[in-house]
Amino acid sequence: MLLRRSPPRTAPAGPPAPVRRRRRPPRALLGAAVVVAACAALPLVWLVVRVAGADPGRVAALLARERTLTLALNSAVLVAVVGAGSLLLGLATATALVRVRLPRPGLWWVLAALPLAVPSYLLAFAVLAIRPEARGLGPLAVVLVLACTPYVTLPAAAALRAADTGPEDAARTLGLGPVSAFCRVTLPQTLPAALAGTLLAALYTLADFGAPALLRYESFTWAVQAAYEGTVDRTGAAVTALVLAAATLGLVVAERAARRRFTGARAGTAPTAAVPVRLRPAAGAAVVAGLGAVAAVTLVGPPAVLVGRVVAAGGVDADLPRLAVAAGWTLLLSGAAALLAVAMALPVGVLAARYRSRAVAATESVAYLGQGLPGVVVGLALVFLSLVLVPALYQTAAVLVFGYAILFLPKALGATRTAVERVPVEAEEVARTLGRTPWSTWWSVTAPQAAPGVAAGGLLVAVTAMKELPATLMLRPTGIDTLATRLWSQTSLGAFGAAAPAALALLLLACVPAALLVRATAGVPGGER
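Residues numbered from 1 in each chain as written. Predicted model: local features only at pLDDT ≥ 70, side-chain atom pairs only at ≥ 80, totals over all residues. Heavy atoms only, no water.

Observations concerning the overall build of the chain
Looking only at helices and strands, one finds 21 helices and zero strands in the chain. A separation of at least 24 residues holds for 83% of the contacts in the chain among residues at least 6 apart in sequence. Split by element, the accessible area of the chain, about 24800 Å² in all, is 67% carbon and sulfur. (Helix = DSSP H or I, 4+ residues; strand = E, 2+ residues; numbered from the N terminus. Contact = heavy atoms within 4.5 Å. Areas by Shrake-Rupley, 256 points an atom, 1.4 Å probe, with all protein chains shown as cover.)

Laid out in structure tokens, this is it:
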């Protein structure tokens, strides 16, 4: 009897095995990332140590006093109002950008995102220039909603683009109207992203100092700045700052949870892209008019008010050489901060993009602490840290640049991690098999492909640092002015005509790189989303 040989067993067909990532990061990379995380944690650690070393009875009395409760209530009301307004206006704007056929759609995308470059205190300055009696919650909420709406518009628009319209089409076949089908089926798909943006708007609102101070609304940031400048009670300032930091860190945790939910909701879907619809002439004109009105109030209104002030004053009422020096310092400090933030973000971003472990996750989370620390808190901490640790650096440009880097490190870190993740691991593995060292692979393969995204993160840091006010007021060297501090010093005295040139210069400096950044990264049609 002939025995038949059974065919050799083969592995079942399936997708190719993914390239294995190294589990243990290089010690030098991990060590650099830990140093960056420790630097990011310095202000919060100092606050905790400072408050823990104070008299417990005094700390309890400061926490339980009526003013602290009033500040907490005022800040909570402001955050709730601005969050709700930003959510509604941001969703409406995102829907118009993605689902409505607009004339020159790329222009509307840029106009919707460009308010990110306009400081809230500049909008408040324009309000006061028109109505000097404007004070309180109402005017401040309007200003902050206009400043914060892009935080909701951009992620909500990206989510609408990625949303699957198949269920919406099915709902239409079951008898639902277009508006009802969109609100009941598609809109819920965008809510996680919109809520994440709303939490970013809440973070901005809680950390803002200039607009509440100009419009005389007592919030935590204004109280910390006043306690630091007007009294010798540093314990009271530290306790108030720690409460503010705790509130903002709570919002950061909520924002990251919403962002994870949004990411999970998008995974594994094969969406049917939405086609913008052409509205009836009257409805289309109303949508364009609404978008134009918001852009005009936010982007055209402040410059128009400033120019009007200059004309009313009979010309430029400013020391032009001193203004030029302030503009130079603004560019120098913001550029240095961008370079330092990118340098600090690189080891953490590469580590988070290429390795997975609890230690890596913890290091990255600590590096993001700057997102939950308002400028007034970082400024207060670095003032005392520089006096205690390195007195020679007190009120120097180095400490100010370091403060900027801590504050805006999360912006550079997010861009760096995303840019490195987009570089295929296979390309690095091929270079390694050809005999290249890890450093050579980084410089020849990873860095060139990740450079545009990393540079975008640095540009975002520079734009944000240009308009940073509370940390600059606390940490700037004696006799040095930036455009933001010069604008603040004039407006706090009510000299709106003298402040106008500085405000115009700041707006021009911030808007030019911001427009380039928005066009490259904010979802403009034809660009990268």
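A closer look at unusual backbone geometry
Residues other than glycine predominantly adopt negative phi, and peptide bonds predominantly adopt the trans conformation. With phi around 55°, Arg216 is a residue other than glycine that occupies positive phi space. Of the residues examined, Arg216 reaches a relative accessible area of 46% and is grouped as partly exposed. Positive phi outside glycine occurs at Gln395, with the angle close to 55°. Residue position: Gln395 is located in the loop between α15 (375-389) and α16 (397-421). When its relative accessible area of 30% is taken as the criterion, Gln395 is described as partly exposed. (Buried < 20%, exposed > 50% of the residue type's maximum accessible area, 1.4 Å probe, protein only.)

What to know about the environment of Leu91
Along the chain, Leu91 falls in helix α3 (residues 66-99). Sequence separation of Leu91 and Pro155 is 64 residues, and the distance between their C-alpha atoms is 9.6 Å. Ignoring sequence-local partners within four residues, the contact set of Leu91 consists of Ser86, Val152, Ala156, Leu187, Thr190, Leu191 and Ala194.

Some points on helix α13 (residues 320-354)
The terminal C-alpha atoms of α13, which comprises 35 residues, lie 50 Å apart, in line with the 51 Å expected from a rise of 1.5 Å per residue. Helix geometry: α13 is bent most strongly at Leu346, by close to 35°, with proline Pro347 lying one to four residues after it. (Expected span 1.5 Å × (residues − 1). Bend = angle between axes of the 7 residues up to and from the residue.)

Here's the deal with the packing of helix α1 (residues 27-52) against helix α14 (residues 358-367)
The geometry of a pair of packed helices is captured by two quantities: the angle between their axes and the separation between those axes. Remark: α1 packs on α14, axes separated minimally by 8 Å, with the N-to-C direction vectors making an angle of 35°. When you trace α1 past α14, the crossing you get is left-handed. Packed against α1, whose contacting residues are Ala33, Val34, Ala37, Ala40 and Ala41, the element α14 presents Thr363, Val366 and Ala367 at the interface. Grouping the amino acids of the contact of α1 with α14 by side-chain chemistry returns seven nonpolar, one polar and no charged. (Axes fitted to C-alpha atoms, helices over the stretch in contact; angles between N-to-C directions. Left-handed = near helix turned anticlockwise from the far one by under 90°. Nonpolar A, V, L, I, M, F, W, Y, C, P; charged D, E, K, R; others polar.)

Here we look at the confidence of the model for the chain
Residues with a pLDDT of 70 or more make up 80% of the chain, whose mean pLDDT is 77. The low-confidence segment residues 1-21 (pLDDT under 50) makes eight contacts with residues lying over four places distant or belonging to another chain. Segment residues 264-270: pLDDT under 50, and two contacts once partners within four positions in sequence are set aside and those in other chains are kept. (pLDDT = per-residue confidence, 0-100.)

Remarks on α15
Its 15 residues place the ends of α15 20 Å apart at the C-alpha level, agreeing with the 21 Å of an ideal helix rising 1.5 Å per residue. The set of residues buried in α15 consists of Gly375, Val376, Val377, Val378, Gly379, Leu380, Ala381, Leu382, Val383, Phe384, Leu385 and Ser386.

Considerations on the packing of aromatic side chains
How two aromatic rings sit relative to each other is set out by the distance from centre to centre and by the angle between their planes. Summed over the entire model, instances satisfying the criterion amount to three aromatic pairs. Here Trp46 and Phe384 contribute two aromatic rings whose centre-to-centre distance is 5.3 Å and whose plane-to-plane angle is 5°, an arrangement assigned as stacked. Of this pair, Trp46 sits in helix α1 while Phe384 sits in helix α15, placing them 338 residues apart in sequence. For Phe384, a relative accessible area of 16% puts it in the buried group. (Phe/Tyr/Trp six-rings, centres within 6.5 Å; stacked < 30°, edge-to-face > 60°.)

Some points on the packing of α3 against helix α4 (residues 105-113)
For the pair α3 and α4, interaxial distance at closest approach is 10 Å and the crossing angle is 160°. By the angle between their directions, the pair α3 and α4 is classed as roughly antiparallel. In the packing of α3 onto α4, the handedness of the crossing is left-handed. Mapping the contact onto sequence places Thr93, Leu97 and Val98 in α3 and Trp108, Trp109 and Ala112 in α4. When its residues are assigned to classes, the contact of α3 with α4 shows five nonpolar, one polar and no charged. (Parallel < 35°, antiparallel > 145°, perpendicular 65-115°, else oblique.)

Digging into the pattern of salt bridges
Inspection of the entire model under this criterion finds five salt bridges. Between Arg131 and Glu133 there is a salt bridge whose closest N-O contact spans 3.1 Å. The salt bridge partner of Arg322 is Asp481, with a shortest N-O separation of 3.4 Å. You can see Arg322 sitting in helix α13 and its partner Asp481 sitting in the loop between α19 (470-475) and α20 (483-491), a full 159 residues away along the chain. Overlapping salt bridges, with partners in common, bring together Arg322, Arg476 and Asp481 in one network. (Salt bridge = Lys/Arg side-chain N within 4 Å of Asp/Glu carboxyl O.)

Overview of the nonpolar core
Counting 78 residues, the largest nonpolar core has Trp46, Leu47, Val377, Leu380, Tyr404, Leu409 and Leu475 as the members making the most contacts within it. Per-element accounting of this core gives the leading share, 12 residues, to α16. Once residues lying within four places of it in the same chain are set aside, the contact partners of Leu47 are Ala238, Ala241, Leu242, Ala245 and Val377. In terms of nonpolar packing, the next biggest core, distinct from the first, is built from 51 residues, Val118, Leu123, Leu323 and Ala484 among them. (Core = buried A, V, L, I, M, F, W, Y, C linked by side-chain atoms within 4.5 Å.)

Regarding the side chain of Ser86
Inspection of the secondary structure puts Ser86 in helix α3. Residue class for Ser86 comes out buried when judged on its relative accessible area of 0%. In this structure Ser86 touches Leu91, Val145, Cys148, Thr149, Val152 and Ala201, once residues within four positions along its chain are discounted.

Quick look at a nonpolar patch on the surface
Together, Leu387, Val388, Leu389, Val390 and Leu393 line one region of the surface with nonpolar side chains, adding up to about 450 Å² of accessible area. Within the element layout of this structure, Leu393 appears in the loop between α15 and α16. Under the relative-accessibility criterion, Leu393 is labelled partly exposed at 36%. (Patch = residues over 30% accessible without salt bridge, like charges linked within 9 Å, V, L, I, M, F, W, Y side chains within 5 Å.)

Concerning empty space enclosed by the protein
In this structure the tally under the stated criterion is two cavities of 30 Å³ or more. Considering only enclosed or pocket space, the largest cavity measures out at about 170 Å³ in volume. Around the largest cavity, the lining comprises 16 residues; the ones closest to its centre are Thr93, Leu111, Ala112, Val294 and Ala295. For the lining of the largest cavity, the elements supplying multiple residues, two or more each, are α3, α4, α6 (137-162) and α12 (281-312). Element by element, the count of residues in the lining of the largest cavity is highest for α6, at five residues. In this structure, the second largest cavity spans a volume of roughly 50 Å³. Lining of the second largest cavity is provided by Thr330, Leu333, Ser334, Tyr404, Ala465, Met466, Glu468, Thr472, Thr482 and Ala484. For the lining of the second largest cavity, the secondary structure elements donating two or more residues are α13 and α18 (438-466). Across the lining of the second largest cavity, the residue classes break down as five nonpolar, four polar and one charged. (1 Å grid on protein atoms, 1.4 Å probe; cavity = no way out; pocket = protein on both sides within 12 Å on 5 of 7 lines; lining within 4 Å. Points joined across faces, edges and corners; volume = space filled by probe spheres on them.)

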